Amino acid sequence: AQKITQTQPGMFVQEKEAVTLDCTYDTSDPSYGLFWYKQPSSGEMIFLIYQGSYDQQNATEGRYSLNFQKARKSANLVISASQLGDSAMYFCAMREGSQGGKLIFGQGTELSVKP
Amino acid sequence: KAGVTQTPRYLIKTRGQQVTLSCSPISGHRSVSWYQQTPGQGLQFLFEYFSETQRNKGNFPGRFSGRQFSNSRSEMNVSTLELGDSALYLCASSLVGGAISSPLHFGNGTRLTVT
C-alpha cells in the first residue's frame, strides 16, 4: 500500500501567485514526521520544511508553509508568491518513529512557474 | 560548511560489472543513508548507517551492499550490474540518526548507467 500519495504529477502556476501541492500519507505509527523536498533539474534534493505528528501548529519556513490536517492524514505544501526558480520536482516524505532514519517518498509533483 | 559530497557524478558500466559509489557526509553528521531514484519506481530507500553499523535496510537484493567508515564516510557497492540498476543514487546525511525531526541533507547524486 502506498504510504505517501501525491496525486498531482504536474502543476502550473503563474509567477507571484500561491500554489498548493497535495500530499496524503498513511501510517499507524503515532509518532512520525513529514518532510517536503525540492529537486531542481540538477538532481540535488533540497530540504524545505518539516512537520511533526505532535506539532500543534502548522510549520512555516519563509514562503513555504505546511497545511497539516492530521485527521485527514494530509500535509499539503503551500508556496506563496511563486518565483521562476521554484520550478522543480517536489517530494513529500514521511519518517515513522519505528523506522529509524528511513524516509518514504511520494512520487513527486513537477511544478512549473510561468512568467 | 561543505555539503554532502558524492563521487563520481557520472558512471557508465557494463552488465555484469561491479561499481562502488562514495559519499562524504556533512562534517559532524554520523548518519548516512542511500536512496535509488528511477523514473518508474521513484525514490527508494537502500540502507542507513550510523556509527559504522547498518541500522536499516530497504528491499533490495544482496547485490547492493554498503559500509560506513570511522570518519562517517560511506560507500555503496553494486555487484553483477543489471540494466535495471541504471539510476540516480543519492546519499544523504543527518546530524542525529533516527531522530524523527532530523532532516536528511542530500548530495548531488551519482548517475549510474548500465549498458
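Refer to the structure above for everything that follows.
Numbers given for residues are sequential positions, taken from 1 along each chain in its written order. Throughout, the order in which chains and ligands are written sets their labels, letters from A for the former and numbers from 1 for the latter. Reporting of local features is limited, given that this is a predicted model, to residues whose pLDDT is at least 70; pairs of side-chain atoms are given and counted only at 80 or more, and all residues count toward the totals for whole chains, interfaces and linings. The side-chain values count all of the structure's non-hydrogen atoms but skip hydrogen atoms and water molecules.

Trainee: Can you walk me through the state of the cysteines in this structure?
Mentor: Disulfides are covalent bonds that link the sulfur atoms of two cysteine residues. In this description, the term disulfide denotes a pair of cysteine sulfurs within 2.5 Å. Summed over the entire model, instances satisfying the criterion amount to two disulfides over all chains. Between the sulfur of C23 of chain A and that of C92 of chain A lies a disulfide, 2.0 Å long from S to S. Looking down the S-S bond of the C23 of chain A and C92 of chain A bridge, the torsion is -65 degrees, so its handedness is left-handed. In this pair, C23 of chain A sits in the loop between β3 (19-21) and β4 (24-25) while C92 of chain A sits in strand β10 (residues 88-96), placing the two residues 69 residues apart along the sequence. For C92 of chain A, a relative accessible area of 0% corresponds to the buried category. At a sulfur-sulfur separation of 1.8 Å, the disulfide partner of C23 of chain B is C91 of chain B. Taking the sign of the torsion about the S-S bond as the criterion, the disulfide between C23 of chain B and C91 of chain B, at about -65 degrees, is left-handed. With C23 of chain B in strand β3 (residues 19-24) and C91 of chain B in strand β9 (residues 87-94), this pair connects stretches of sequence that are 68 residues apart. There is no split in this pair, since C23 of chain B and C91 of chain B are both buried. What counts as a helix is a DSSP run of H or I of at least four residues, what counts as a strand is a run of E of at least two, and both are numbered from the N terminus. A simple rule labels every residue: compare its accessible area, found with a 1.4 Å probe on the protein chains alone, to the largest value its type can have, and call it buried under 20%, exposed over 50%, or partly exposed in between.

Trainee: Quick question: what am I supposed to make of the side chain of Q37 of chain B here?
Mentor: Of note, Q37 of chain B is situated in strand β4 (residues 31-38). What Q37 of chain B contacts, discounting residues up to four positions off in sequence, is Q39 and F91 of chain A together with G42, L43, A87, L88 and L90 of chain B. Contact criterion: two residues are considered in contact whenever any of their non-hydrogen atoms come within 4.5 Å of each other.

Trainee: Can you help me understand the interface of chain B and chain A in this one?
Mentor: Interface size, as often reported, equals the accessible area lost upon joining of the parts. With 23 residues of chain B at the interface, the matching set in chain A holds 22 residues. Once two parts are brought into contact, the accessible area they lose, counted with a 1.4 Å probe and summed over both, makes up the buried area. Together, L43, I100 and F106 of chain B form the three largest contributors to the area buried by chain B at its contact with chain A, with a combined 35%. Definition used for salt bridges: Asp or Glu carboxyl oxygen within 4 Å of a side-chain nitrogen of Lys or Arg. At the boundary of chain B with chain A, the tally comes to zero salt bridges. Between N or O atoms, a polar contact is any pair within 3.5 Å; within protein, one atom must be a potential hydrogen donor and the other a potential acceptor, and residues adjacent in sequence are included only when both atoms are from side chains. Seen at the junction of chain B and chain A, the total is six residue pairs in polar contact (both at pLDDT 80 or more). Elements that contribute at least two residues to the side of chain B that touches chain A include exactly β4, β5 (42-50), β6 (53-57) and β9 of chain B. In terms of residue count, β5 of chain B provides more of the side of chain B that touches chain A than any other element does, four residues in total. A class-by-class count of the residues in the side of chain B that touches chain A yields ten nonpolar, ten polar and three charged. Three residue categories are used. Nonpolar comprises Ala, Val, Leu, Ile, Met, Phe, Trp, Tyr, Cys and Pro, charged comprises Asp, Glu, Lys and Arg, and polar comprises the others, including Gly.

Trainee: Whenever I open this one, the packing of aromatic side chains confuses me. Can you help?
Mentor: Aromatic ring pairs are described here by two measures, namely the spacing of the ring centres and the angle between the planes. Any two rings among Phe, Tyr and Trp, with Trp reduced to its six-membered ring, count as a pair given centres within 6.5 Å; such a pair is stacked if its planes are under 30 degrees apart, edge-to-face if over 60, and tilted if neither. For the structure shown, the criterion picks out 14 aromatic pairs over all chains. Members of the aromatic cluster, joined through ring pairs, are F35, Y37, F47, Y50, F91 and F105 of chain A together with Y35, F45 and F106 of chain B. A ring has a charge above it when a Lys NZ or an Arg CZ is no more than 6 Å from the ring centre and no more than 35 degrees off the ring normal. Just above the ring of Y64 of chain A sits the side chain of R63 of chain A; from NZ or CZ to the centre is 5.7 Å. Here R55 of chain B stacks its cationic end above the ring of F50 of chain B, 5.0 Å away from the centre of that ring.

Trainee: Would you mind showing me how to read the nonpolar core here?
Mentor: The nonpolar side chains of soluble globular proteins are, as a tendency, buried together. All names here are of chain A. Buried Ala, Val, Leu, Ile, Met, Phe, Trp, Tyr and Cys residues that are joined via side-chain atoms within 4.5 Å together make up what is termed a nonpolar core. Core analysis: the biggest nonpolar cluster contains 26 residues, and Y25, W36, I49, L77, Y90 and L111 have the highest contact counts within it. Elements supplying a minimum of two residues to this core: β2 (10-14), β3, β5 (32-39), β6 (46-52), β8 (64-69), β9 (74-79), β10 and β12 (109-114). Ignoring anything within four residues of it in the chain, the contact list for L77 reads V19, T20, L21, W36, L48, I49, Y64, S65 and Y90.

Trainee: Help me understand the sheet that holds strand β1 (residues 5-7) of chain B, please; the structure alone is not making it clear to me.
Mentor: Each strand in a sheet pairs with another by means of backbone hydrogen bonds, the pair being arranged parallel or else antiparallel. All names here are of chain B. Two strands form a pair only when DSSP identifies at least two bridges running between them. What the four strands build is an open sheet, ordered β1-β3-β8-β7; its pairing is antiparallel. Each edge of the open sheet carries a strand with a single partner, namely β1 and β7 (64-68). On average, each strand axis in the sheet is inclined to that of its neighbour by 15 degrees, with strand direction left out of account. Of the pairings in the sheet, the one linking β1 to β3 comprises three bridges and is antiparallel in character. The partner of Q6 across the bridge, within β3, is C23. As a rule, the C-alpha atoms of each element are fitted with a line to give its axis, helices using only the stretch in contact, and angles between N-to-C directions run from 0 to 180 degrees.

Trainee: Even after reading the chapter, I still don't get the side chain of T110 of chain B, so can you show me in this structure?
Mentor: Residues and elements named next belong to chain B. Considering the arrangement of structural elements, one finds T110 in strand β11 (residues 110-114). Its relative accessible area of 0% is what places T110 among the buried residues. Only 2.5 Å separates the side chain of T110 from the backbone oxygen of P8, close enough to count as a polar contact. If we skip the residues at most four places from it in the chain, T110 touches Q6, T7, P8, R9, L11, L21, A87, L88 and Y89.

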